[in-house]
Amino acid sequence: MQQDAVEAVVDRYGRFARDEAPGRSAVYEGWARRVVDDTAVAEALARIEETRRQPPLVFAVLRLLGAPEDDVDAWAAWVVAHADQVVVECGRRSVQTNEPLRCAALLPALSLIEGPIALLEVGASAGLCLYPDRYSYRYRRGEEVIALDPADGRSPVVLECELEGHPDLRMPDVVWRAGIDLNPLDARAADDRAWLTGLVWPGEEGRRERIAGALDIAAADPPLLVAGEGAAALPALAAQAPRGVTLVVTTPGVLAHIPRAGRAPVIAAARAAGRWITLDAAALHDGWTHPPRIRRGGFALALDGDVRAEVDPLGAWVAWHPESTGGAQ
């Protein structure tokens, strides 16, 4: 066992226990602290490929494989005893967070586009962000609640979002939906459903139920999902969109998972295919028409590179202030 790998694990899980887990998941905070304090556990996790050692991925794999959650001593013993299995499973998994709440952040930009819309997502996972027309929305602006529902009534998945500003909000008319992912997941497959719901951290109230409900919606009307690299696969998939509709390519949070040199080709391919909506950290790329000015530490929401709002990365809030974020009104 290389000592530097063990030290890297201890350092990474120490930061996770200190900065990321508190207030979000007491279970994951306790597990991470045990990794720091228990050499045998740290050595077991150090055997995992470096690019597959991030705590949310490893902890989700442990839960998927049946690690006990209620007793940290029993958990630590389980990790050491099942280290071989954990290493193999982490090697074949990746974090594919598919948060439908992001549709609440995308909707203000989608509302600017005349329909009908053909929607294509890069980094689609199981495609749960391809159904903005099938979810209900409750935007809260102070004491005011702005409610939007699908044409056939309230959805079983209701997305709640805090709102600043006054965007025009309307339900999109989506007539075709498709996605690209390195490893697409199938909302109808029990293993894929278990993996996506297992990526929810213990203690995140309501999120597991929201994802399960979105999986049911996707399973009832599956999108067209293809395996491939975004820039390479996008033109051929875009060519399958029906004629006479507006093609909208979305990249909600995926560009951060693409090496920097590969981001510009994805952006260029998205722009060439149709309209482009993205949610990204301001410094992630140079695809903005004006540099975003971020006030709250969130992501920029942009349509065709014009920043329209600052948003929570997972969609919990939208601050619609184009004049202060760098985009056109």
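Please read these numbers as outputs of a predicted model, since none were measured by experiment.

1. Focus on the packing of helix 2 (residues 26-37) against helix 4 (residues 55-65)
Right, on to step 1. Contact geometry of helix 2 with helix 4 gives a least axis separation of 11 Å together with a crossing angle of 105 degrees. Comparing their axes, helix 4 and helix 2 come out roughly perpendicular. Each of Tyr-28, Trp-31 and Ala-32 in helix 2 lies in contact with helix 4, whose residues at this interface are Phe-59, Ala-60, Leu-62 and Arg-63.

2. Examining the pattern of salt bridges
Right, on to step 1. One pass over the full model with this rule turns up 26 salt bridges.
Right, on to step 2. For Arg-177, the salt bridge is made with Asp-133, and the minimal N-O distance between the two is 2.9 Å. In this pair, Arg-177 sits in strand 5 (residues 174-181) while Asp-133 sits in the loop between strand 1 (117-122) and strand 2 (136-141), placing the two residues 44 residues apart along the sequence.
Right, on to step 3. For Arg-177, a relative accessible area of 9% corresponds to the buried category.
Right, on to step 4. The class of Asp-133 is buried, set by a relative accessible area of 12%.
Right, on to step 5. Across the pair Asp-149 and Arg-138 runs a salt bridge, and its minimum N-O distance is 3.2 Å. Here Asp-149, found in the loop between strand 3 (144-148) and strand 4 (158-164), pairs with Arg-138, found in strand 2; they are eleven residues apart in sequence, far enough to count as distant.
Right, on to step 6. In the salt-bridge network here, residues are joined through shared partners; they are Arg-24, Glu-99, Glu-204, Arg-207 and Arg-210.

3. Quick notes on helix 5 (residues 72-81)
Right, on to step 1. Regarding helix 5, the residues found buried are Trp-75, Ala-76, Trp-78 and Val-79. For helix 5, the angular spread of the buried residues around the axis is 160 degrees, confining them to a single face.
Right, on to step 2. On its buried side, helix 5 packs onto helix 2, helix 3 (39-46), helix 4 and helix 6 (83-91).
Right, on to step 3. A side-chain oxygen of the first residue of helix 5 lies 2.9 Å from the backbone nitrogen of Asp-73; this N-cap is Asp-71.

4. Examining the packing of helix 4 against helix 5
Right, on to step 1. The interhelical angle for the contact between helix 4 and helix 5, taken along N-to-C directions, is 90 degrees, at an axis separation of 12 Å. When the interaxial angle is binned, helix 4 and helix 5 end up roughly perpendicular. Together, Phe-59, Leu-62 and Leu-65 of helix 4 and Trp-75, Trp-78 and Val-79 of helix 5 make up the contact between the two elements.
Right, on to step 2. Grouping the constituent residues of the contact of helix 4 with helix 5 by class yields six nonpolar, no polar and no charged.

5. Points about the nonpolar core
Right, on to step 1. With 80 residues, the main nonpolar core has Phe-59, Leu-62, Trp-75, Tyr-135, Tyr-137, Tyr-139 and Ile-277 as its most contacted residues.
Right, on to step 2. Contacts of Tyr-135, omitting those with residues within four sequence positions, involve Pro-100, Cys-103, Leu-128, Pro-150, Ser-155, Val-157, Leu-159, Met-171, Ala-214 and Ile-217.
Right, on to step 3. Residues Leu-120, Ala-238, Ala-241 and Leu-255 belong to the second largest nonpolar core, which totals 22 residues.

6. Focus: helix 11 (residues 260-273)
Right, on to step 1. Relative to the 20 Å expected for 14 residues at 1.5 Å per residue, helix 11 spans 21 Å between its end C-alpha atoms, a close match to the ideal helical length.
Right, on to step 2. Buried within helix 11 are the following residues: Arg-263, Val-266, Ile-267, Ala-269 and Ala-270. Here the buried residues of helix 11 occupy an arc of 165 degrees about the axis, which is enough to place them on one side. Helix 11 presents Ala-261, Ala-264 and Ala-272 as exposed residues on the side facing more than 90 degrees away from its buried surface.
Right, on to step 3. Buried residues along helix 11 sit against strand 1, helix 10 (230-238), strand 7 (246-252) and strand 8 (275-280).

7. Topic: a negative patch on the surface
Right, on to step 1. A contiguous patch of negative charge, built from Asp-4, Glu-7, Glu-49 and Glu-50, is present on the exposed surface.
Right, on to step 2. Structurally, the position occupied by Glu-49 is in the loop between helix 3 and helix 4.
Right, on to step 3. Classification of Glu-49 by relative accessible area gives partly exposed; the value is 47%.

8. As for the environment of Gly-142
Right, on to step 1. Within the fold, Gly-142 resides in the loop between strand 2 and strand 3.
Right, on to step 2. For Gly-142 and Tyr-13, which are 129 residues apart along the polypeptide, the C-alpha to C-alpha distance reads 38 Å.

9. Describing unusual backbone geometry
Right, on to step 1. Of note, the amide linkage connecting Gly-115 to Pro-116 takes the cis form, showing an omega dihedral of 0 degrees.
Right, on to step 2. With respect to the secondary-structure elements, Pro-116 resides in the loop between helix 7 (102-110) and strand 1.
Right, on to step 3. Located in the positive-phi region is Ser-125, a residue other than glycine, with phi close to 55 degrees.
Right, on to step 4. By the secondary structure assignment, Ser-125 is in the loop between strand 1 and strand 2.
Right, on to step 5. Take Ser-125: its relative accessible area is 2%, and that puts it in the buried class.

Calculation criteria
Residues numbered from 1 in each chain as written. Predicted model: local features only at pLDDT ≥ 70, side-chain atom pairs only at ≥ 80, totals over all residues. Heavy atoms only, no water. Axes fitted to C-alpha atoms, helices over the stretch in contact; angles between N-to-C directions. Helix = DSSP H or I, 4+ residues; strand = E, 2+ residues; numbered from the N terminus. Parallel < 35°, antiparallel > 145°, perpendicular 65-115°, else oblique. Contact = heavy atoms within 4.5 Å. Salt bridge = Lys/Arg side-chain N within 4 Å of Asp/Glu carboxyl O. Buried < 20%, exposed > 50% of the residue type's maximum accessible area, 1.4 Å probe, protein only. Arc of directions from axis to C-beta. Polar contact = N/O pair within 3.5 Å; in protein donor to acceptor, adjacent residues only side chain to side chain. Nonpolar A, V, L, I, M, F, W, Y, C, P; charged D, E, K, R; others polar. Core = buried A, V, L, I, M, F, W, Y, C linked by side-chain atoms within 4.5 Å. Expected span 1.5 Å × (residues − 1). Patch = residues over 30% accessible without salt bridge, like charges linked within 9 Å, V, L, I, M, F, W, Y side chains within 5 Å. Areas by Shrake-Rupley, 256 points an atom, 1.4 Å probe, with all protein chains shown as cover. Lys, Arg positive; Asp, Glu negative; His and termini not counted. Charge placed at Lys NZ, Arg CZ, Asp CG, Glu CD.

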